[in-house]
Amino acid sequence: MISRKSTIILLGLALFILAGVSDISAQTMKYGYIDSDKIFAEYTEWAKAQEEFNTQYKVWDDEAKDMQAELEELIDAYERQALILSDIKKKEQEAAIEAKRQALDAFTKRVFGPSGEAEKKNNALIKPLLEKINAAIEQVATEGNYDFIFNSSGLAYAKKDYDISDKILEVLEQ
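What you see is a predicted model, and the numbers here were worked out from it, not measured in a lab.

Q: Got a minute to help me understand helix 4 (residues 87–112) in this structure?
A: Here helix 4 contains 26 residues, and its C-alpha end-to-end distance of 37 Å stays within 8% of the 38 Å for a straight helix at 1.5 Å per residue. Against the buried residues of helix 4 lie helix 3 (44–81) and helix 5 (117–143).

Here it is, written out as structure tokens:
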């Protein structure tokens, strides 16, 4: 089965070919290319957002490491004293170890898990920058009269005149 990304790329390529063939005599098309890696590497606000995220990530990571170290200390102490502890004290320490383990697991899931704090923080920092980048692409495309702008993952911009989505939907609905 063809993936959604492959389908989009194929539709984009078909659009590109159809637009080029139908308009070849009417006008010269203008294309551009974006080096996304260069934009991410040299865009100052992107670097600031990355630095902010990395700083927060280190705080979370240090907290997780501290919790892990505390858990390991409890386990080590328990193992050293297991032979001399009463059954009641063993159960208390085992319960304390299990509580620490559960707290660490909960923290890890809450912060680093799917839809966790780390992902949310990253999205909050990156989303407005991606919107700015897309707005800049559209501005440059419009001002420079580009028909299409590509990046390393496919089509980044296309003039609305070349959108044949409604025609495709009409054919599909017949």
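Following the structure, the description resumes.
Q: Before we go on, may I ask you to explain a negative patch on the surface in this structure?
A: Taken together, Glu-72, Glu-73, Asp-76 and Glu-79 make up a surface patch of like negative charges. Mapping Asp-76 onto the fold places it in helix 3. With a relative accessible area of 39%, Asp-76 lands in the partly exposed category.

Q: Looking at this structure, I do not really get the sheet that holds strand 2 (residues 148–151). What am I missing?
A: As a general point, the strands of a sheet are linked pairwise by backbone hydrogen bonds and lie either parallel or antiparallel. Taken together, the three strands give an open sheet; going across it, the order is 1-2-3, and neighbouring strands pair in mixed fashion. This sheet does not close on itself; its edge strands, each paired only once, are strand 1 (31–33) and strand 3 (154–158). Put simply, the sheet's adjacent strands are angled 25° from each other on average, direction ignored. Pairing of strand 2 with strand 3, which is carried by four bridges, proceeds in the antiparallel orientation. Looking across to strand 3, one finds that Phe-148 is bridged to Ala-158. Strands strand 2 and strand 3 of the sheet are contacted by helix 5, whose axis makes an angle of about 60° with strand 3.

Q: I'm lost on the packing of aromatic side chains in this one. Help?
A: The geometry of two aromatic rings is summed up by the distance between their centres and the angle between their planes. For the structure shown, the criterion picks out seven aromatic pairs. With centroids separated by 6.0 Å and ring planes inclined at 15°, the aromatic side chains of Tyr-31 and Phe-148 adopt a geometry described as stacked. Placement of the pair is Tyr-31 in strand 1 and Phe-148 in strand 2, with a sequence separation of 117 residues. Given the relative accessible area of 0%, Phe-148 is considered buried. Residues Tyr-57 and Phe-112 carry aromatic rings whose centres are separated by 5.3 Å and whose planes lie at 65° to one another, so their mutual orientation is edge-to-face. Here Tyr-57, found in helix 3, pairs with Phe-112, found in helix 4; they are 55 residues apart in sequence, far enough to count as distant. The partly exposed category is assigned to Tyr-57, whose relative accessible area is 34%. The class of Phe-112 is partly exposed, set by a relative accessible area of 28%. These aromatic residues form a ring-pair network of at least three members: Tyr-31, Phe-148, Phe-150 and Tyr-162. Here the guanidinium or amino end of Lys-30 rests over the ring plane of Tyr-146, the centre of that ring lying 4.6 Å away.

Q: Which parts of the structure should I look at to understand the packing of helix 3 against helix 4?
A: Pairs of packed helices are described in terms of their axes, by the angle between the two and the distance that separates them. Direction vectors running N to C along helix 3 and helix 4 enclose 165°, while the axes themselves pass 10 Å from each other. The angle between helix 3 and helix 4 falls in the class roughly antiparallel. When you trace helix 3 past helix 4, the crossing you get is left-handed. Grouping the amino acids of the contact of helix 3 with helix 4 by side-chain chemistry returns 16 nonpolar, three polar and seven charged.

What counts and what doesn't
- Residues numbered from 1 in each chain as written.
- Predicted model: local features only at pLDDT ≥ 70, side-chain atom pairs only at ≥ 80, totals over all residues.
- Heavy atoms only, no water.
- Helix = DSSP H or I, 4+ residues; strand = E, 2+ residues; numbered from the N terminus.
- Expected span 1.5 Å × (residues − 1).
- Contact = heavy atoms within 4.5 Å.
- Patch = residues over 30% accessible without salt bridge, like charges linked within 9 Å, V, L, I, M, F, W, Y side chains within 5 Å.
- Areas by Shrake-Rupley, 256 points an atom, 1.4 Å probe, with all protein chains shown as cover.
- Salt bridge = Lys/Arg side-chain N within 4 Å of Asp/Glu carboxyl O.
- Lys, Arg positive; Asp, Glu negative; His and termini not counted.
- Charge placed at Lys NZ, Arg CZ, Asp CG, Glu CD.
- Buried < 20%, exposed > 50% of the residue type's maximum accessible area, 1.4 Å probe, protein only.
- Pairing = 2+ DSSP bridges.
- Axes fitted to C-alpha atoms, helices over the stretch in contact; angles between N-to-C directions.
- Phe/Tyr/Trp six-rings, centres within 6.5 Å; stacked < 30°, edge-to-face > 60°.
- Lys NZ or Arg CZ within 6 Å of the ring centre and 35° of its normal.
- Parallel < 35°, antiparallel > 145°, perpendicular 65-115°, else oblique.
- Left-handed = near helix turned anticlockwise from the far one by under 90°.
- Nonpolar A, V, L, I, M, F, W, Y, C, P; charged D, E, K, R; others polar.

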